[in-house]
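Chain by chain, the residues run as shown.
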Amino acid sequence: MKTSRKIGLAVAQMGPMHLADDRAAAVARLMEMMREAKSRSADLVVFPELALTTFFPRYWMLEKEAEDKFFEKSMPNAAVQPLFDLAVELGIGFYLGYAELTPERRRFNTAILVDKTGRIVQKYRKIHLPGHADHKVNAPFQHLEKKFFDVGDLGFTVADALGATIGMCICNDRRWPETWRVLSLQGAELGLVGYNTPSWNIHWNEPVHLRMHTHLIALQASAYQNAMWIGAAAKCGSEDGFHMIGGSVIVAPSGEIAAQSSSEEDEVIFANIDLAIGDTFREHVFNFAKHRRPEHYRLIVERTAAGPAVKPTESPPE
Ligand code: CDV
């Protein structure tokens, strides 16, 4: 049995952020949940994707209007500084998702990892951007991430912080096995993800229950196959009439759910996670060095879309 290596992990789910809600309201809610996380002895609290605003990609507007209303020009800025100050005061780290406008006027869907001293130790810019860039006039709402955001340019990286090797991703990234494998190949023991998942799919008539099912199955399989813990924080409930799923979870390297939210409101869930559980999986069934066969995985990096079958390298036995 391995010596346990425990860290307190909190996931702070947010209920709806309406169009009328300003940054101060968001930050006040995040601060309240950060206090609760600390009271439950968390070392780290995970907040959602685009936690400071409503999920604005559902609205058609010009890029400039979106920049003015929903993007952060610096981080921390005056509105968010109290959250950083509280993290230092309490001695707690956090993951925070927000819309980033760079000095070069590039726009990213971004998450940062902040340590207990208030320092940004890692930044991630969302790579798998779902949705579309055109105006779907007949759709009940838009999903304009391809219009408002550039594809992330920082790759999938890990940081040694808060007692763990931590990797980050954002929302739709969690559905792609490549995300988690690239993180686990760098030794990630804990993956953090924030999300806004609309309950309805504007592209096809997907039954609502599948939204929760595919969310959970992606996280549980990814945690297991990569021998890592995952903390996933929703922004959920009905934002100005547009409903999004909850289902914030902490998943163990076994794929089992260690904690799950039970509301569609602001809610903190917590688990005292033992990173050593991941070591056991990494040593045995997912001992990458022993069992992976990258020479047979070339298509994964050579192809984006599915293409023709490859020829077998040898004839099958008679
Ligand atoms: N914000 C997201 O990336 N949402 C997607 C929706 C569009 C499916 C998700 O994967 O949850």
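- The protein chain is annotated in an unreviewed UniProt entry as N-carbamoyl-D-amino-acid hydrolase of Robbsia betulipollinis.

1. Some words on the packing of aromatic side chains
Inference 1: Enumeration over the complete set of coordinates arrives at 12 aromatic pairs.
Inference 2: Here the aromatic rings of Y59 and F242 are separated by 5.9 Å at their centres, their planes lie at 85°, and the arrangement is edge-to-face. In this pair, Y59 is assigned in the loop between β2 (44-46) and α2 (63-70) and F242 in strand β11 (residues 242-244), connecting sequence segments 183 residues apart.
Inference 3: With a relative accessible area of 18%, Y59 lands in the buried category.
Inference 4: With a relative accessible area of 21%, F242 lands in the partly exposed category.
Inference 5: Cation over ring: R292 sits above F288, and NZ or CZ is 5.7 Å from the ring centre.

2. Some words on unusual backbone geometry
Inference 1: The step from M75 to P76 runs through a cis peptide bond, and the omega angle for that step is 0°.
Inference 2: Among the secondary structure elements, P76 is positioned in the loop between α2 and α3 (81-90).
Inference 3: The phi dihedral of S41 is positive, around 65°, even though this residue is not glycine.
Inference 4: Tracing the backbone through its elements, the reader meets S41 in the loop between α1 (23-39) and β2.
Inference 5: With a relative accessible area of 49%, S41 lands in the partly exposed category.
Inference 6: A positive phi is found at R105, a non-glycine position, where the angle reads about 65°.
Inference 7: By the secondary structure assignment, R105 is in the loop between β3 (93-101) and β4 (107-114).

3. Section: the environment of L185
Inference 1: Assignment of secondary structure puts L185 in the loop between α5 (177-184) and β8 (190-195).
Inference 2: Measuring from C-alpha to C-alpha, the distance between L185 and P82 comes to 36 Å, with 103 residues separating the pair along the chain.
Inference 3: Leaving out residues up to four positions away in the same chain, L185 has contacts with F288 and R292.

4. Regarding α5
Inference 1: Where α5 is concerned, the buried positions are T179, W180, L183 and S184. On an axial view of α5, the arc spanned by its buried residues comes to 120°, and they lie on one face.
Inference 2: Buried residues belonging to α5 abut β6 (158-161), β7 (164-170), β8, α6 (208-225), β9 (229-234) and α8 (288-291).

5. A closer look at the site of the ligand
Inference 1: Neighbouring the ligand are 13 residues; K126, C171, N172, R175 and T197 lie closest to it.
Inference 2: In the model, an oxygen atom of the ligand is placed 3.2 Å from a nitrogen or oxygen of the R174 side chain.
Inference 3: In the environment of the ligand, a nitrogen atom lies 3.0 Å from a nitrogen or oxygen atom belonging to the backbone of N196.
Inference 4: A total of 310 Å² of accessible area belongs to the ligand in isolation, and the protein chains cover 92% of it.
Inference 5: In terms of residue class, the shell around the ligand is built from three nonpolar, four polar and six charged.

6. Some points on the side chain of E145
Inference 1: Along the polypeptide, E145 turns up in helix α4 (residues 145-148).
Inference 2: On the accessibility criterion, E145 (1% relative accessible area) is buried.
Inference 3: A polar atom in the side chain of E145 sits 2.7 Å from the side chain of H143.
Inference 4: Contacts of E145, omitting those with residues within four sequence positions, involve E49, F55, P57, N109, K126, L129, P130 and H132.

How each quantity is defined
- Residues numbered from 1 in each chain as written.
- Predicted model: local features only at pLDDT ≥ 70, side-chain atom pairs only at ≥ 80, totals over all residues.
- Heavy atoms only, no water.
- Phe/Tyr/Trp six-rings, centres within 6.5 Å; stacked < 30°, edge-to-face > 60°.
- Helix = DSSP H or I, 4+ residues; strand = E, 2+ residues; numbered from the N terminus.
- Buried < 20%, exposed > 50% of the residue type's maximum accessible area, 1.4 Å probe, protein only.
- Lys NZ or Arg CZ within 6 Å of the ring centre and 35° of its normal.
- Contact = heavy atoms within 4.5 Å.
- Arc of directions from axis to C-beta.
- Near = heavy atom within 4 Å.
- Polar contact = N/O pair within 3.5 Å; in protein donor to acceptor, adjacent residues only side chain to side chain.
- Areas by Shrake-Rupley, 256 points an atom, 1.4 Å probe, with all protein chains shown as cover.
- Nonpolar A, V, L, I, M, F, W, Y, C, P; charged D, E, K, R; others polar.

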